[in-house]
Amino acid sequence: MKPSNILSIIFLSAALISCGSSSNDKKSDFSLKTNAPGNGISLHEDLNLSIKNPKNLQIDSIAYYINDARISENTNLSQQKLGKQNIKAIVYTGGEAQTITSPLLILNDEHPKVYTFELLNTYPHDITSYTQGLEFHNDTMYESTGQYKESKLRKVDYKSGDIIKNVNLADEYFGEGLTVLHNKLYQLTWQKGTGFVYDANTLEKQSSFKYNNSKEGWGLCNDGNVLYKSDGTEKIWILDPETLEEKSFIQVYTNKGKIGRVNELEWINGKIYANIYQKDGVAIINPKNGAVEGVIDFTPLKKKVTQHQGLDVLNGMAFNTTTKSLFVTGKRWDKLFEVTVKPKK
């Protein structure tokens, strides 16, 4: 099977390249011209900008921007983030300034590499757990589960499946992703716009926080310094570790278009691994620009668990720094799989 077909099957439903026609300001005497067909262009290409001046007005100077960052009229895009961006030109003429804006869609310039896995071990997993997030901390596995009136935060002995400690969320909260940073455990909830902070050792709740930009909480991970949060779209937000404010975001894109429904997140060796909701694939994302650099095909795992009426999709990843292996499960799966990832031949 060709790589493109594999990608389509396991998780890709990318948007088309075009992001619409130019939206130059109607009142301006000028318009913005680019070398991006359909306003779409690839990473590492040169973006060439110029101004159309149909009235032949005297132009004193022009300032160009991408998302308010100053650029030149000829700019290489290698350091830009992927996804929907905004180009702005401020044209100074006759003592006045006219602003022109236009959308720009930046895509990755490479196909994602396709990976598979080697199964190392299989462990028991609570078949009733609607798994939303997994995390290892000091060789102990933490798990967050969802569903109203069923949501929990747990410490788990992953080898036996025994529950070391269990914390039930209030009935109005639907548990989502979690991560541990500096001995604090952060847990998201779905649609309440609220996350919780716990002591990672005792699971005692210390505080809560609000989402200031995104509407929902899905997945969570960290790089040792900041938190990364998904909200069910193509966006991954970067959170200040002290205030937990969403300061900026990346957009998850391939060379074809966006990847939406980004869900559970895990930080592994400088990359963000992201489960795509209701798909059997995991995307490997560059955290600097949002580029999908690889995808792991986990399709065979669901067939290895007990098939029952409540069985749901793949969800839940945790990298164990002690064993250097990845642990994967799903919603109401009775097994937890330890795997290593390898290129697909």
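Look above for the structure.
Cut-offs and rules
- Residues numbered from 1 in each chain as written.
- Predicted model: local features only at pLDDT ≥ 70, side-chain atom pairs only at ≥ 80, totals over all residues.
- Heavy atoms only, no water.
- Helix = DSSP H or I, 4+ residues; strand = E, 2+ residues; numbered from the N terminus.
- Buried < 20%, exposed > 50% of the residue type's maximum accessible area, 1.4 Å probe, protein only.
- Areas by Shrake-Rupley, 256 points an atom, 1.4 Å probe, with all protein chains shown as cover.
- Lys, Arg positive; Asp, Glu negative; His and termini not counted.
- Charge placed at Lys NZ, Arg CZ, Asp CG, Glu CD.
- Pairing = 2+ DSSP bridges.
- Axes fitted to C-alpha atoms, helices over the stretch in contact; angles between N-to-C directions.
- Phe/Tyr/Trp six-rings, centres within 6.5 Å; stacked < 30°, edge-to-face > 60°.
- Polar contact = N/O pair within 3.5 Å; in protein donor to acceptor, adjacent residues only side chain to side chain.
- Contact = heavy atoms within 4.5 Å.
- Core = buried A, V, L, I, M, F, W, Y, C linked by side-chain atoms within 4.5 Å.
- Salt bridge = Lys/Arg side-chain N within 4 Å of Asp/Glu carboxyl O.

Before going further, it helps to spend a moment on the overall build of the protein. For the protein, the helix and strand inventory stands at one helix and 28 strands. Expressed as a percentage of the 345 residues in the protein, the buried residues total 52%. On the protein, roughly 15,800 Å² of surface is accessible, and the fraction owed to carbon and sulfur atoms is 46%. Where the 41 positive side-chain charges of the protein centre and where its 39 negative ones centre are 5 Å apart.

All right, on to the sheet that holds strand 25 (residues 292-297) then. The eight strands lie next to each other as 22-23-24-25-9-28-27-26, forming an open sheet whose pairing is mixed. Edge positions in the sheet fall to strand 22 (262-268) and strand 26 (314-320), since each has one partner strand and no second. Going from strand to strand, the sheet's axes swing by 30° on average, the running direction of each strand aside. In the sheet, strand 9 (residues 113-124) pairs with strand 28 (residues 335-343) via nine bridges, with the strands oriented antiparallel. Across the sheet, residue asparagine 121 finds its bridge partner in strand 28, namely glutamate 338.

Glancing now at the sheet that holds strand 17 (residues 205-210). To summarise the sheet geometry, strands pair through backbone hydrogen bonds and adopt either a parallel or an antiparallel arrangement. The strand order across the open sheet built from four strands is 14-15-16-17, with neighbouring strands paired in antiparallel fashion. Each end of this open sheet is capped by a strand with a single partner; those strands are strand 14 (175-181) and strand 17. For this sheet, the mean angle separating the axes of adjacent strands, direction not counted, is 20°.

Each aromatic ring pair is specified by the distance between its two centres and by the angle formed by the two planes. A complete count under the given rule lists 16 aromatic pairs for this structure. Ring geometry for tyrosine 158 and phenylalanine 327: centres 5.0 Å apart, planes at 70°, overall edge-to-face. With tyrosine 158 in the loop between strand 12 (152-156) and strand 13 (163-168) and phenylalanine 327 in strand 27 (residues 325-330), the pair connects residues that are 169 residues apart, well separated along the chain. The two residues tyrosine 158 and phenylalanine 327 agree in class, both being buried. Ring plane angle 55° and centroid distance 6.3 Å describe the contact between phenylalanine 209 and tyrosine 211, whose orientation is recorded as tilted.

Moving on, we get to the side chain of asparagine 108. Within the secondary structure, asparagine 108 is located in the loop between strand 8 (96-107) and strand 9. A relative accessible area of 7% places asparagine 108 in the buried class. Within the structure, asparagine 108 has its side chain in polar contact with the backbone oxygen of glutamate 110 (distance 3.4 Å). When residues no more than four places from it in sequence are discounted, the contact partners of asparagine 108 are Ser42, Leu43, Leu82, Tyr253, Thr254, Asn255, Ala291 and Val292.

Take unusual backbone geometry next. The bulk of non-glycine residues show a negative phi, and the bulk of peptide bonds are trans. The phi angle at leucine 203 is positive, at roughly 65°, despite the residue not being glycine. Relative to the helices and strands, leucine 203 is located in the loop between strand 16 (194-199) and strand 17.

Two strands pair when backbone bridges link them, and strand 12 and strand 13 are joined in this way by five bridges, in the antiparallel orientation. Residue pairing for strand 13: arginine 154 is matched across the bridge by asparagine 166. Here strand 12 folds back onto strand 13 in antiparallel fashion, the turn holding six residues, of which glycine 161 has a positive phi close to 85°.

Considering the arrangement of structural elements, one finds serine 160 in the loop between strand 12 and strand 13. Counting along the chain gives 35 residues from serine 160 to histidine 125, while the straight-line C-alpha distance between them is 8.3 Å. Among the polar contacts made by the side chain of serine 160, one reaches the side chain of aspartate 162 at a distance of 3.1 Å.

Below, the discussion takes up the nonpolar core. Formed by 23 residues in total, the largest nonpolar core has its most connected members in Leu32, Ile41, Leu47, Ile51, Tyr64, Leu104 and Ile106. Residue assignment for this core shows that the elements contributing at least two residues are strand 3 (46-52), strand 4 (61-66), strand 7 (83-93) and strand 8. Per-element tally for this core: the top contributor is strand 8, with five residues. With residues up to four places along the chain from it excluded, the contact list for isoleucine 106 reads Ile41, Ser42, Leu43, Leu77, Gln80, Lys81, Leu82, Gly83, Gln85 and Tyr253.

Once that is clear, we can look at the pattern of salt bridges. Taken as a whole and assessed by the stated rule, the structure comprises 10 salt bridges. Lysine 88 is the partner of aspartate 68 in a salt bridge, and the nearest nitrogen-oxygen pair spans 3.0 Å. Pair noted here: aspartate 68 is in the loop between strand 4 and strand 5 (69-71) and lysine 88 is in strand 7, with a separation of 20 residues, a long-range link. A salt bridge links lysine 335 to aspartate 334, with the nearest nitrogen and oxygen atoms 3.6 Å apart.

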